Amino acid sequence: MTVVRRVFSVFPALSRLLPSSGRCSNRFTTAADLEELITPPVQINYTKLLINGQFVDAASGKTFPTYDPRTGEVIAHVAEGDAEDVNRAVAAARRAFDEGPWPRMTAYERSKILLRFADMVEKNIKEIAALETWNSGKPYEQAAKIELPMFVRLFRYYAGWADKIHGLTIPADGPYHVQTLHEAIGVAGQIIPWNFPLLMFAWKVCPALACGNTIVLKTAEQTPLTALCVAILFHEAGLPEGVLNIISGYGPSAGAALASHMDVDKLAFTGSTDTGKIVLELAGRSNLKAVTLELGGKSPFIVCKDANVNRAVQLAHFALFFNQGQCCCAGSRTYVHEHIYEEFVEKARLRAMRRVVGDPFKRGVEQGPQIDSEQFEKVLKYIKSGIVSGATLECGGGRFGSKGYFVQPTVFSNVEDDMLIAKDEIFGPVQSILKFKDIDDVIKRANNTQYGLAAGVFTKDVNTANRLSRALRVGTVWVNCFDVFDAAIPFGGYKMSGMGREKGIYSLYNYLQVKAVVTHLNKVR
Ligand code: NAI
Ligand code: MG
């Protein structure tokens, strides 16, 4: 099932329930009339670093606060790992790889542990989703009904791969028996962002473990809690100590120490393009560890002349506003054919006005707060820049409510390609609608960016769909759908959106070495 269908089934009665507001009245629907809290915040039990199967304090003894983005209040103090803790964690991962049972057990045994973990997470989805919502501000229904089931699916998918990874027998020219062995690389360093804390955990951890590697994972400083919480279940499922080590902490200290560590064999990073460049350089200057990067984006969402406008509006809205607009692949350049432009803009504005913003724990809420004050300020700055540069503000444009980091769903029309809001990754609930005349024109404009992560195409014409799919320089093209993220589908960027692919069969290659074994044959037959 695709994300799109799930999202709509989570909020089936939305269009009937919610009043539409008058033009530019900026009276957004709130959660006030909806049902009360679904799940109260959960108890926080795990705040230390996870090294060698033990929860430990940071070597420095330091902690840092983690916040509830609904209010900006501190919800816990978490051990702050830095270079010394990274050293300890890498040493544990090294021991677990060189001497421990994980790479030595059969692949079937490994797959059974991954499956057991998936079952345990599935049984505890509500509690885990509540913690994810509390720390990240994403709607609880989104966490519980979309992201956690995807997390479970990812672990089952890669459990299935564990005992199907093998090399080839190769017919070389000469009296040789040639085989390739597909071996685990060793210690994987993984650095993840805050927009999908658990899904990013799964994208990174699943393929690394399926291939028999060990891991040091650095979570984002904004969202350290859920990785620690699920790690407990993983150890209960039978994961040997030292196989998965988790360091909470900041990028320039803990993250940089991991990226430049001489005993880390592979680095996987998701985050901003600027930080991606830094970690690539750190990896290159240290031990030339293999690097995969999943970075920023500015995805075009192209609505063709023949599109059903109502459906295109819904999908374009979802493509941009999902997860508070905090998606690397967000459809943040909505290109609409001039023939249907006016109608589309008006309907996009009405849809944004109906978006339910409020406490992410409340049933029916579609949009919670941005992750922190920095992101909140950044989004508001881009909104101002849109206004100053002459785009038409159709709705939104400011803070929502009086506390926390909520931003009004914002729609700009008459956006031009050279405006900052059409060029930069805003990472917030700000839709920019641009006009185009013909397919050649929109292909050029869609590709005229440093990014190349994803694109959406909305058309009834199979020839147009095929043409755009081939011409767009991006890692994923969604045709008449968006944000379809099944575990089996590869994801990654062209250009400055990254290097390498995650998910599907492709991410296994990130975590394997290929060894050629060439044996001389005395007698060919
Ligand atoms: P970031 O890229 O700086 O942070 C992502 C991860 O990298 C975090 O775990 C962070 O601690 C770590 N990190 C930061 N500096 C590091 C360094 N010098 N060495 C090693 N690791 C380091 O992203 P940030 O600052 O949280 O957000 C800034 C912008 O990045 C956002 O506004 C958004 O545009 C983009 N972003 C893109 C994401 C994506 O999914 N591709 C996810 C998060 C942010
Ligand atoms: Mg940063």
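Residues numbered from 1 in each chain as written. Chains lettered and ligands numbered in written order. Predicted model: local features only at pLDDT ≥ 70, side-chain atom pairs only at ≥ 80, totals over all residues. Heavy atoms only, no water.

Visitor: I'd like to hear about the packing of helix 5 (residues 125–136) against helix 8 (residues 225–236), residue by residue, with values.
Guide: Geometry of a packed helix pair, given as the angle between the helix axes and the separation of the axes. Contact pair helix 5 / helix 8: the axes reach a minimum separation of 9 Å and the direction vectors enclose 160 degrees. Classed by the angle they form, the pair helix 5 and helix 8 counts as roughly antiparallel. Note that helix 5 runs across helix 8; the crossing there is right-handed. Contacts between helix 5 and helix 8 involve Ile128, Leu131, Glu132 and Asn135 from the former and Leu225, Thr226, Cys229, Val230 and Leu233 from the latter. Per-class residue counts for the contact of helix 5 with helix 8 are 6 nonpolar, 2 polar and 1 charged. (Axes fitted to C-alpha atoms, helices over the stretch in contact; angles between N-to-C directions. Helix = DSSP H or I, 4+ residues; strand = E, 2+ residues; numbered from the N terminus. Parallel < 35°, antiparallel > 145°, perpendicular 65-115°, else oblique. Left-handed = near helix turned anticlockwise from the far one by under 90°. Contact = heavy atoms within 4.5 Å. Nonpolar A, V, L, I, M, F, W, Y, C, P; charged D, E, K, R; others polar.)

Visitor: Account for the layout of surface pockets, with residues named and values stated.
Guide: Counted as a void, the largest pocket has a volume near 1,200 Å³. Every residue lining the largest pocket is counted, 50 residues in all, and those nearest its centre are Trp194, Gln222, Ser272, Thr275 and Gln375. Mapped onto the lining of the largest pocket, the elements with two or more residues apiece are strand 3 (63–68), helix 9 (251–259), strand 10 (266–270), helix 10 (273–285) and helix 13 (373–388). If one sorts the elements of the lining of the largest pocket by residue count, helix 10 sits on top with 7 residues. In the lining of the largest pocket, the residues fall into 24 nonpolar, 15 polar and 11 charged. If you count residues domain by domain, the lining of the largest pocket takes at least three from each of domain 1 (49–295 + 497–516) and domain 2 (297–489). (1 Å grid on protein atoms, 1.4 Å probe; cavity = no way out; pocket = protein on both sides within 12 Å on 5 of 7 lines; lining within 4 Å. Points joined across faces, edges and corners; volume = space filled by probe spheres on them. Domains from an automatic or database assignment.)

Visitor: Kindly report on the domain arrangement of the protein, identifying the contributing residues and their values.
Guide: Taken domain by domain, the protein consists of domain 1 (49–295 + 497–516) and domain 2 (297–489). Once you take the C-alpha centre of each, domain 1 and domain 2 turn out to be 30 Å apart. If you look at the interface, domain 1 gives 36 residues, while domain 2 gives 36 residues. In total, about 2,800 Å² of surface goes out of reach between domain 1 and domain 2, with carbon and sulfur atoms giving 59% of it. (Buried area = accessible area lost by both parts, 1.4 Å probe.)

Visitor: Hey, could you go over the packing of aromatic side chains for me, with residue numbers and the actual values?
Guide: Throughout the structure, instances matching the rule amount to 23 aromatic pairs. Ring centres of Phe155 and Phe234 lie 5.7 Å apart, and the angle between their planes is 85 degrees; this geometry places the pair in the edge-to-face category. Here Phe155 is found in helix 6 (residues 140–162), whereas its partner Phe234 is found in helix 8, with 79 residues between them in sequence. Overall, the relative accessible area of 0% leaves Phe155 in the buried class. Residue Phe234 is classed as buried on the basis of its relative accessible area of 0%. (Phe/Tyr/Trp six-rings, centres within 6.5 Å; stacked < 30°, edge-to-face > 60°. Buried < 20%, exposed > 50% of the residue type's maximum accessible area, 1.4 Å probe, protein only.)

Visitor: Can you break down the environment of Leu293 residue by residue, with the values?
Guide: Secondary-structure assignment places Leu293 in strand 11 (residues 290–294). Between the C-alpha atom of Leu293 and that of Thr270, which follows or precedes it by 23 residues, the distance is 5.9 Å. Here Leu293 is in contact with Phe269, Gly276, Val279, Leu280, Ser497, Gly498 and Met499, once residues within four sequence places are set aside.

Visitor: Could you give an account of the site of ligand 1, with specific residues and numbers?
Guide: Residues in contact with ligand 1 amount to 28 residues; listed here are only the nearest, Trp194, Glu221, Ser272, Lys378 and Glu425. Taking Asn195, its side chain carries an N or O atom lying 3.3 Å from an oxygen atom of ligand 1. Interatomic distance of 3.1 Å between a backbone N/O atom of Leu295 and a nitrogen atom of ligand 1. When isolated, ligand 1 has an accessible area of 810 Å², and the protein chains bury 90% of it. (Near = heavy atom within 4 Å. Polar contact = N/O pair within 3.5 Å; in protein donor to acceptor, adjacent residues only side chain to side chain. Areas by Shrake-Rupley, 256 points an atom, 1.4 Å probe, with all protein chains shown as cover.)

Visitor: Give me the pairing of strand 13 (residues 333–337): which residues, what numbers.
Guide: Most of strand 13 sits out of view: 5 of its 5 residues are buried. Side chains of strand 13 alternate between two faces, with Arg333, Tyr335 and His337 and Thr334 and Val336 buried alike. Examined bridge by bridge, strand 13 and strand 16 (residues 430–436) share 4 bridges and lie parallel to one another. What sits directly across from Val336, in strand 16, is Lys435. (Pairing = 2+ DSSP bridges.)

Visitor: Give me empty space enclosed by the protein: which residues, what numbers.
Guide: Summed over the entire model, instances satisfying the criterion amount to 3 cavities of 30 Å³ or more. Size it by volume and the largest cavity reaches roughly 180 Å³. In this structure, the largest cavity is lined by 18 residues; those nearest its centre are Phe196, Leu199, Met200, Trp203 and Phe485. Of all the secondary structure elements, the ones that give two or more residues to the lining of the largest cavity are helix 6 and helix 7 (197–210). For the lining of the largest cavity, the residue count by class is 13 nonpolar, 2 polar and 3 charged. Counting only domains with at least three residues in the lining of the largest cavity, you end up with domain 1 (49–295 + 497–516) and domain 2 (297–489). A volume near 70 Å³ is recorded for the second largest cavity. If you trace the second largest cavity, you find 13 residues lining it, with Gly325, Ala330, Ser332, Ile426 and Phe427 closest to the centre. Grouping the constituent residues of the lining of the second largest cavity by class yields 7 nonpolar, 4 polar and 2 charged.

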